[in-house]
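Now for the letters of each chain:
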Amino acid sequence: MDANTLYLRPASLSDAPALRAIYAPYVEKTAITFECTVPDVEAFAARMRATLRRYPYLVAVRGGEIVGYAYAGAFGERAAYAWAAEVSIYLREDQRRQGIGRRLYAALEALLRAQHVQTLYACIAYPDGADDVHLTKNSAQFHAHIGYRLVGEFSRCGYKFGTWYSMVWMEKHIGAHEAVPQPVLPFPELAPEAVRSILHEG
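Note that the structure is a prediction, hence the values are computed from the model and not measured.

## A closer look at the overall build of the protein chain
Item 1. Regarding its fold elements, the protein chain presents 5 helices and 7 strands.
Item 2. Its C-alpha radius of gyration of 17 Å places the protein chain within 12% of the 17 Å reference for a compact globule of 202 residues.
Item 3. Split into buried and exposed, the 202 residues of the protein chain put 45% on the buried side.
Item 4. Look at the contacts in the protein chain between residues 6 or more apart in sequence, and 69% of them connect residues 24 or more apart.

Have a look at this one:
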């Protein structure tokens, strides 16, 4: 495959070191995540394992290197929340603004739709006032551009780098919300050929 071609595939636990390396700068240098200590590889892999039992976890690869990843998780633990999922995305520092995020999210949404998920949520750190060196409004703006809408804000709920930050929730409907929705399928139960088709098209 051409070294400049971007392709998507499901993550495997062996990807944990590479994904942790992408995530670490977000913890150490930004308030995009409110986590303050980078998890070790074993803890990161355990998170991946828990996610993959039910939800998609995707990586974007270019030139043999992982350049970004996105995944979904439970929005809430109660049974009635089954048709909602929370999404997250992280790109390697040198790979932003190249359309990778859109590709990952498009594929993630298609897979979640195939699982019969109806609504997506993104929990996004947000500056309490002007942008600063650790956090901007870019993430919220990106989600707005791909169809998410603001549905709530928690003011000054996180403290990192000596600064108070807020958090917003954004929402996107991807299903019709039928009167009787189909049961949500765990990601491992999707047909492999359907997954490959979605990732190829994404």
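## Considerations on the packing of aromatic side chains
Item 1. For the structure on display, the rule yields 15 aromatic pairs.
Item 2. Taking the centre distance of 5.9 Å and the plane angle of 15 degrees together, the rings of Tyr57 and Tyr69 count as stacked. In this pair, Tyr57 is assigned in strand β2 (residues 57-62) and Tyr69 in strand β3 (residues 65-74), connecting sequence segments 12 residues apart. The same class applies to Tyr57 and to Tyr69, which are both buried.
Item 3. These aromatic residues form a ring-pair network of at least three members: Tyr23, Tyr26, Phe44, Tyr57, Tyr69, Tyr71 and Tyr90.

Each value, and the rule that gives it
- Residues numbered from 1 in each chain as written.
- Predicted model: local features only at pLDDT ≥ 70, side-chain atom pairs only at ≥ 80, totals over all residues.
- Heavy atoms only, no water.
- Helix = DSSP H or I, 4+ residues; strand = E, 2+ residues; numbered from the N terminus.
- Rg over C-alpha atoms; globule rule 2.2 N^0.38 Å.
- Buried < 20%, exposed > 50% of the residue type's maximum accessible area, 1.4 Å probe, protein only.
- Contact = heavy atoms within 4.5 Å.
- Phe/Tyr/Trp six-rings, centres within 6.5 Å; stacked < 30°, edge-to-face > 60°.

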